[in-house]
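Working through the structure, step by step
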Amino acid sequence: MNLQKFQNAIKQGIPSELPAAKKPNPKLSHPPKRKEILSTDEKKLALQNALRYFPVKFHSTLAPEFAQELKDYGRIYMYRFQPNYEMFARPISEYPAKSQQAAAIMLMIQNNLDHKVAQHPDELITYGGNGAVFQNWAQYLLTIKFLSEMSDEQTLAMYSGHPMGLFPSHKDAPRVVVTNGMVIPNYSSPDDWEKFNALGVSQYGQMTAGSFMYIGPQGIVHGTTITILNAGRKITKDPNANASGLIYVTSGLGGMSGAQPKATVIAGGICLIAEINDDATNKRHEQNWVDEKYSNIDQAIDRAIDARDKKEAVSIAFMGNIVDLWERLAKRNIKIELGSDQTSLHNPWAGGYYPVGLSYEESNEMMASEPEKFKTEVQKSLRRQTIAINKLAENGMYFWDYGNAYLLEAGRAGADIFKSENLFKYQSYVQDIMGPLFFDYGFGPFRWVCTSGKAEDLALSDKIATDIMKNISKNVPEEILGQLNDNILWIEEAGKNNLVVGSQARILYADAEGRTKIAEAFNNAIADGKISAPIVLGRDHHDVSGTDSPFRETSNIYDGSSFTADMAIQNVIGDSFRGATWVSIHNGGGVGWGEVINGGFGMLLDGTPDADRRLKNMLHWDVNNGIARRNWARNKEAISAIKRAMEMNPQLKVLVPNFVEDNLLDDLF
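Residues numbered from 1 in each chain as written. Predicted model: local features only at pLDDT ≥ 70, side-chain atom pairs only at ≥ 80, totals over all residues. Heavy atoms only, no water.

The parallel open sheet is built from 6 strands, whose spatial order is E8-E9-E7-E6-E10-E11. A strand with exactly one partner marks an edge of an open sheet, and here the two such strands are strand E8 (292–294) and strand E11 (398–399). In terms of strand pairing, strand E7 (residues 270–274) meets strand E9 (residues 314–318) through 5 bridges, oriented parallel. Residue pairing for E9: Cys-271 is matched across the bridge by Ser-315. Helix H10 (residues 297–310) rests against strand E6 (247–251), E7, E8 and E9 of the sheet, and its axis sits at about 165° to E9. (Pairing = 2+ DSSP bridges. Helix = DSSP H or I, 4+ residues; strand = E, 2+ residues; numbered from the N terminus. Contact = heavy atoms within 4.5 Å. Axes fitted to C-alpha atoms, helices over the stretch in contact; angles between N-to-C directions.)

This is the structure we're talking about:
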């Protein structure tokens, strides 16, 4: 499609004439059929909700079509209205827009739906099995149309994928405000999500899916590399070692979990990973994110042992069920150094976890036709998986929960996962690694996208970031020097590791000082013409301040506040009036609907003084809000970080906690 036709299609919105009917693309991956949860009256309501997007003249054609989609898939995706143009992040100059900020958001949305990037692109799902950008294609078409029309004096309000409309605002207001899954707390069970999503009134935005900030598996690979490096150091007791000669066993080759094999190889180790969906395995293999694939379980295990003997860094996919892999390793009494799990257990009953003993196709059928029996099989499988993990852990394996709700769901299934009442045998990676070493010091997954689409702009941004991090490292406390050095190595090697899938993007764990100085330098380089087009800044919601999640991001908060969500809500509100281009706040993400509140932002750097003012104001808050909360929870690393932050900026004044001697309290109780 030529540029003019593409731009006309963007501006069109809902077509004036019905396009031809479409079916799901058989070459793409699709989610399983969702469980049937609506009553007859509720099915009628779902149809009314879907048809309100269209003129009455279309209703007689669309009503039976949408009813069939609801029957066949458990959702109304409106396949007919998928655009005919290829979906990918084009250069920002190709988007028809009155606001360059709005054009940047269009670019980011289309990247999230790129067939190379998205897990289920026909269903507008980016990752995690249910992490949606929109609920249906009408919402996509109308959102893109609004973005093409809006000015810098308007804001688009988006309710769980639905573009409510353009509202007057001002140039420093966000261009888009996104909410996903914001339901009344007592209505936040998994079945509530199934019902509301089937009705077309709410959606699960995961983290960066519904906030238009996903950058492919690279978005998680850096944090995964850091985690594996530091997990390996717990085994070797060497603070500077890599993961050479260590086998890491895990599962999942989806949008997030698919980062694990690449990250393990970057860390110097051997990744042995199971994936039951052959399409996902083949996709990651074709993209060079997993090196080798085997359908024979013993061949896969033997290859990993051989690689360990040779200290070869390699990733090995077993095309089968993770429980079979764990049990085979335990039966053969294979020594394993590192272990985790990244099945999508935030979504255990709808395709996030596949029980042992059933094929992929059999599971997909059972979860829709016999949901209670499927739940029983999942929980039985979790109990078996835990038995095998426990045996390997007794033999010296360091196992951690990867924030996907493995411990939570295994515990609910009655698995032998508890050390004592309400205390798991294993810790989350945030408790052991990411929290005390990174989040408490303000280090988190900062990211940027070069909107020109040019690899040379990304390469220059890498160099700018490297130079700044090296300069910062000359004058920092010893306690964060190791984190800086690991991140400098990451950014120096990033170009060689072929991390780009989709947009020309990069991720880098940085603190407030690093993020601000890097962003300022980018803005200056754009102003000087060294970088040829604006840059979008963002971050994963999985960060210092953006997420309240007691089983992941805030699992190392021990003052009783880990189940509160003030930090995430304060963060998105603060970002919105400090200069963010768009903001989002979600229920669910990572560990599941009802288990977490998380938010994020996007910010366009266009080389202007306004962008310079906004970035300095917003990035400082976006990091230090979380450090302040972690400091108040009496996390010693965060206390050190917030004191340093107050020294660097006299306008920052934060309460620091006083410590109480234990014997004083022991005498009282």
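The next point concerns a nonpolar patch on the surface. Where nonpolar side chains cluster on the molecular surface, the patch consists of Val-660, Leu-664, Leu-665, Leu-668 and Phe-669 and spans about 580 Å² of accessible area. Along the chain, Leu-665 turns up in helix H22 (residues 662–668). Judged by relative accessible area, which is 38%, Leu-665 ranks as partly exposed. (Patch = residues over 30% accessible without salt bridge, like charges linked within 9 Å, V, L, I, M, F, W, Y side chains within 5 Å. Areas by Shrake-Rupley, 256 points an atom, 1.4 Å probe, with all protein chains shown as cover. Salt bridge = Lys/Arg side-chain N within 4 Å of Asp/Glu carboxyl O. Buried < 20%, exposed > 50% of the residue type's maximum accessible area, 1.4 Å probe, protein only.)

On the surface, Asp-278, Asp-279, Glu-361 and Glu-362 cluster together to form a negatively charged patch. At the level of secondary structure, the elements contributing two or more residues to the negative patch comprise helix H9 (278–286) and helix H12 (360–369). Counting through the fold element by element, Asp-279 comes out in helix H9. Under the relative-accessibility criterion, Asp-279 is labelled partly exposed at 48%. (Lys, Arg positive; Asp, Glu negative; His and termini not counted. Charge placed at Lys NZ, Arg CZ, Asp CG, Glu CD.)

In total, this model carries 28 aromatic pairs according to the counting rule given. Considering the side-chain rings of Phe-6 and Tyr-85, the 5.0 Å spacing of their centres and the 85° angle between planes classify their relative orientation as edge-to-face. Here Phe-6 is found in helix H1 (residues 3–12), whereas its partner Tyr-85 is found in the loop between helix H3 (59–73) and helix H4 (100–112), with 79 residues between them in sequence. For the pair Phe-6 and Tyr-85, a shared accessibility class is recorded, and that class is buried. Ring pairing ties together the aromatic residues Tyr-248, Tyr-398, Trp-400, Tyr-402 and Tyr-429, which thus form one cluster. Across from the ring centre of Trp-289, 5.3 Å away, lies the NZ or CZ of Lys-262, which sits over that ring. (Phe/Tyr/Trp six-rings, centres within 6.5 Å; stacked < 30°, edge-to-face > 60°. Lys NZ or Arg CZ within 6 Å of the ring centre and 35° of its normal.)

Turning our attention to the environment of Ala-494. Among the structural elements, Ala-494 can be located in the loop between helix H17 (481–493) and strand E15 (505–510). For the pair formed by Ala-494 and Arg-506, sequence separation is 12 residues and the distance between their alpha carbons is 8.1 Å. Residue contacts for Ala-494: discarding those within four places in its chain leaves Asp-462, Leu-499 and Arg-506.

Checked against the element boundaries, Thr-224 lands in helix H7 (residues 218–236). The contact partners of Thr-224, leaving out residues within four places of it in the chain, are Ala-259, Gln-260, Ala-263 and Tyr-402.

Even without being glycine, Ser-160 reaches a positive phi, approximately 45°. Mapped onto the secondary structure, Ser-160 falls in the loop between strand E3 (154–159) and strand E4 (162–168). If you check the backbone angles, Asn-333 has positive phi at about 55° while not being a glycine. Here Asn-333 is to be found in the loop between helix H11 (322–331) and strand E10 (338–339).

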